[in-house]
Amino acid sequence: CGVFGVVGVADAANFIALGLHALQHRGQEAGGIVTYDAEAGFQSARRFGYVRDNFTSQKVMETLPGEIGIGHVRYSTAGSKGNTAIRDVQPFFGEFSMGGAAIAHNGNITNADALRRELIDRGSIFQSSSDSECIIHLMARSLQRNIPERMKDALRRVEGAFSVVAMTRTKLVGVRDPRGVRPLVLGKVGENGYALSSETCALDIIGAEFVREIEPGEMVVISEGQVVSSKPFEQMASRFCIFEHVYFSRPDSILGGRSVYETRRQIGVELAREAPVEADLVCPVPDSGTPAAIGFSHESGIPYGMGIIRNQYMGRTFIEPSEQIRNMGVRLKLNVNRALIRGKRIILVDDSVVRGTTSQKIKDMLLDAGAAEVHFRIASPPTMWPCFYGVDTPDRDKLLAAHMSIEQMRAHLGVDSLQFITLDGLYRAAGVAEGRDATAPRYCDACFSGEYPVVPTDMIAKGFKL
Ligand code: 5GP
Ligand code: SF4
Ligand code: MG
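Computed from a predicted model, the values in this text were never measured in an experiment.

**Some points on the pattern of salt bridges**
Phase 1: On inspection of all chains with the given rule, the structure shows 24 salt bridges.
Phase 2: Between Glu244 and Arg182 there is a salt bridge, and its shortest N-O distance comes to 2.7 Å. Here Arg182 lies in the loop between strand S8 (172–176) and strand S9 (185–189) and Glu244 lies in helix H8 (residues 242–248), a separation of 62 residues in the sequence. Grouping residues by exposure puts Glu244 and Arg182 together as buried.
Phase 3: Asp252 is the partner of Arg250 in a salt bridge, and the nearest nitrogen-oxygen pair spans 2.7 Å.
Phase 4: A network of salt bridges, in which partner residues are shared, links Arg26, Arg182, Glu199 and Glu244.

Structural data, given as structure tokens:
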């Protein structure tokens, strides 16, 4: 998901709509905005579909007055997968004795089922199936006298990954979980305004100046042009999601002081060193494989070409929740550039192999178009484990790499060769020159290594085996 908030600007909702539009790649199912204005009070609009289709009409935007607000774009991971109800669309709102508050959450709470059971037993009435709603109910039970303190109480009970943006009538609040699994950045807007955003690309669109990242385990409370920082959690080693670098974030964003584009290009360089092959053309699977293919081509000296063309009007395939839509999606979204491919040995670069369905179809399209050979190079290690921290990977039984060796996958996909970047290579590309330190990895890489930095409590209760 993507979260965005702004305070201290006229017509906050317009900034939020633009910010969410720039974060649309993080969630395409639904979006919502909450604002506060002294006269109108708290107002909200929550809609299915793209930001541009919902939050551009004057009719909707004029219902969201105020100089403070937050927003969310949703992609379902936990909770109601695929059949999102409007009541699952964030931001969530709560009325407390000291006033209202709204929250928007990116990540996934790994003890949400346990918390929900406990809260329901003690009288909470849940409105949605979302894990994030726990935060509001935990805040309601806190005895603290102001909302940021109640948020601290609530979030100290929450396990897993969370980057949260929240608001009261006058304060904008941002928090990251103690491991900082999901991103969150602070920007300055105009004279007195501040913005919080999942990624820097959403600061660029509103002309905000990037100030800094919210640190793992940090809470910032922003009001009247002042940013007050605190560290409410037990200090822990940070474990930022390495898959944000590989795929999830936009290439024009800066994560942990690193350009996402540059990391992806460097992944291609590492891949070309680790897994060279003789060929005529390096082609990305657009758009996710593009920077890595550029790096691979540069390092290997093999020309780069657009062998596959993407229809810009389709969304990301993996973000479409149903398997059927996802299967159709490949051809709706991608087509082979026949004139370029015919007779050539192709190095095909993609970000990941998950179920293997996309990869197989692309390979078929390349062979149909007369490719002489297809060599598949993957910009991440084999995806062997599901993510429980906010990226929608399927269950283990659907993950190709959980059941097959690389050679078996090669045969299954029907390609001439198949190589994945190593975890060490990926760490080097992501700025850790010495590679992955197995005793204290810098990033979360559980979907590749099976080493989960946060115990997935709910999943273990459901029978998941580490
Ligand atoms: P697959 O191998 O599953 O057919 O598709 C892999 C390609 O689709 C990659 O380009 C990746 O970007 C995208 N993809 C499809 N489904 C998922 C998913 O569930 N999780 C992730 N991380 N990527 C996916
Ligand atoms: Fe990111 Fe993978 Fe960790 Fe999930 S399991 S947070 S996708 S690195
Ligand atoms: Mg892709």
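**So, the nonpolar core**
Phase 1: Ranked by size, the top nonpolar core spans 44 residues in total, and within it Tyr389 and Leu426 carry the most contacts.
Phase 2: The biggest single contributor to this core is H8, with five residues.
Phase 3: Both domain 1 (2–238) and domain 2 (262–436) contribute no fewer than three residues apiece to this core.
Phase 4: Here Leu426 is in contact with Ile242, Val246, Ile267, Ala379, Pro381, Ile421 and Phe448, once residues within four sequence places are set aside.
Phase 5: Counting residues in each nonpolar core, the second largest holds 27 residues, with Ile109, Phe162, Met219 and Val221 among its members.

**Section: helix H4 (residues 112–121)**
Phase 1: Inspection of H4 places Ala112, Leu115, Arg116 and Leu119 among the buried residues, and these make up the whole buried set. Looking down the long axis of H4, one finds its buried residues gathered within 100° of arc, a one-sided arrangement. In H4, those exposed residues whose orientation departs by more than 90 degrees from the buried face are Arg117 and Asp121.
Phase 2: Positive backbone phi, at 110°, marks Gly123, one or two positions downstream of H4.

**Focus: the packing of aromatic side chains**
Phase 1: Enumeration according to the criterion identifies 13 aromatic pairs in this entry.
Phase 2: Between Tyr75 and Phe248 the ring centres are 5.6 Å apart and the planes differ by 40°, which places this aromatic pair in the tilted class. Placement of the pair is Tyr75 in the loop between strand S4 (68–74) and strand S5 (92–96) and Phe248 in helix H8, with a sequence separation of 173 residues. Just as Tyr75 is buried, Phe248 falls in that class too.
Phase 3: A connected cluster of aromatic rings, assembled from ring pairs, spans Trp385, Phe388, Tyr389, Tyr452 and Phe464.
Phase 4: The cationic tip of Arg52 hangs over the ring face of Tyr50; the distance from NZ or CZ to the ring centre is 4.7 Å.

**Let's talk about the site of ligand 2**
Phase 1: Taken together, Val181, Arg182, Cys241, Ile242, Phe243, Cys387, Tyr389, Val391, Cys444, Asp445, Ala446 and Cys447 make up all the residues around ligand 2.
Phase 2: Contributing elements (two or more residues each) for the shell around ligand 2: H8 and helix H17 (446–449).
Phase 3: Split into classes, the residues belonging to the shell around ligand 2 amount to 10 nonpolar, no polar and two charged.

**Concerning the packing of helix H5 (residues 133–141) against helix H6 (residues 147–156)**
Phase 1: Where H5 contacts H6, the axes come no closer than 8 Å and their chain directions differ by 115°. For the crossing formed where H5 meets H6, the hand is right-handed. Facing H5, whose interface residues are Ile135, Leu138, Met139 and Ala140, H6 presents Ile147, Arg150, Met151, Ala154 and Leu155.
Phase 2: Looking at side-chain class alone, the contact of H5 with H6 contains eight nonpolar, no polar and one charged residues.

**Thoughts on the side chain of Gln90**
Phase 1: With respect to the helices and strands, the residue Gln90 is situated in the loop between S4 and S5.
Phase 2: Taking relative accessible area as the criterion, Gln90 reaches 2% and is therefore assigned buried.
Phase 3: In terms of polar contacts, Gln90 uses its side chain to reach the backbone amide nitrogen of His105, at 2.8 Å.
Phase 4: In terms of polar contacts, Gln90 uses its side chain to reach the side chain of Ser132, at 3.0 Å.
Phase 5: Every residue in contact with Gln90, bar those within four places of it in the chain, is listed here: Gly31, Gly32, Arg46, His72, Ile103, Ala104, His105, Ser130 and Ser132.

**Points about the sheet that holds strand S7 (residues 160–167)**
Phase 1: What the six strands build is an open sheet, ordered S5-S6-S7-S8-S12-S13; its pairing is antiparallel. Every other strand in the sheet has two partners, leaving S5 and strand S13 (226–230) as the edge strands with one partner each. Averaged over neighbouring strand pairs, the angle between their axes works out to 20° when direction is ignored.
Phase 2: Sheet topology note: the strand S6 (residues 99–109)/S7 ladder contains eight bridges and is antiparallel. By the bridge assignment for S7, Ile103 is matched with Ala166.

**Thoughts on the site of ligand 1**
Phase 1: Near ligand 1 there are 16 residues, and of these Asp350, Asp351, Arg355, Thr357 and Thr358 occur at the shortest range.
Phase 2: Between ligand 1 and the protein, one listed contact pairs an oxygen atom with a backbone N or O atom of Thr358 at 2.4 Å.
Phase 3: With respect to ligand 1, the side chain of Ser359 contributes an N or O atom lying 3.4 Å from an oxygen atom.
Phase 4: Contact with the protein chains covers 97% of the free accessible surface of ligand 1, which is 480 Å².
Phase 5: With three residues, helix H13 (residues 357–368) is the largest single contributor of residues to the shell around ligand 1.
Phase 6: Looking at side-chain class alone, the shell around ligand 1 contains six nonpolar, six polar and four charged residues.

**Side note on unusual backbone geometry**
Phase 1: A cis amide bond links Gln90 to the next residue, Pro91, at an omega of 0°.
Phase 2: Locating Pro91 in the fold gives a position in the loop between S4 and S5.
Phase 3: Going from Pro286 to Asp287, the amide bond is cis rather than trans, its omega being -10°.
Phase 4: Of note, Asp287 is situated in the loop between strand S17 (281–284) and helix H10 (290–300).
Phase 5: The backbone of Asp11 shows a phi angle near 55°, a positive value even though the residue is not glycine.
Phase 6: As for its placement among the helices and strands, Asp11 is situated in the loop between strand S1 (2–7) and helix H1 (12–22).

Thresholds, definitions, all that
Residues numbered from 1 in each chain as written. Chains lettered and ligands numbered in written order. Predicted model: local features only at pLDDT ≥ 70, side-chain atom pairs only at ≥ 80, totals over all residues. Heavy atoms only, no water. Salt bridge = Lys/Arg side-chain N within 4 Å of Asp/Glu carboxyl O. Helix = DSSP H or I, 4+ residues; strand = E, 2+ residues; numbered from the N terminus. Buried < 20%, exposed > 50% of the residue type's maximum accessible area, 1.4 Å probe, protein only. Core = buried A, V, L, I, M, F, W, Y, C linked by side-chain atoms within 4.5 Å. Domains from an automatic or database assignment. Contact = heavy atoms within 4.5 Å. Arc of directions from axis to C-beta. Phe/Tyr/Trp six-rings, centres within 6.5 Å; stacked < 30°, edge-to-face > 60°. Lys NZ or Arg CZ within 6 Å of the ring centre and 35° of its normal. Near = heavy atom within 4 Å. Nonpolar A, V, L, I, M, F, W, Y, C, P; charged D, E, K, R; others polar. Axes fitted to C-alpha atoms, helices over the stretch in contact; angles between N-to-C directions. Left-handed = near helix turned anticlockwise from the far one by under 90°. Polar contact = N/O pair within 3.5 Å; in protein donor to acceptor, adjacent residues only side chain to side chain. Pairing = 2+ DSSP bridges. Areas by Shrake-Rupley, 256 points an atom, 1.4 Å probe, with all protein chains shown as cover.

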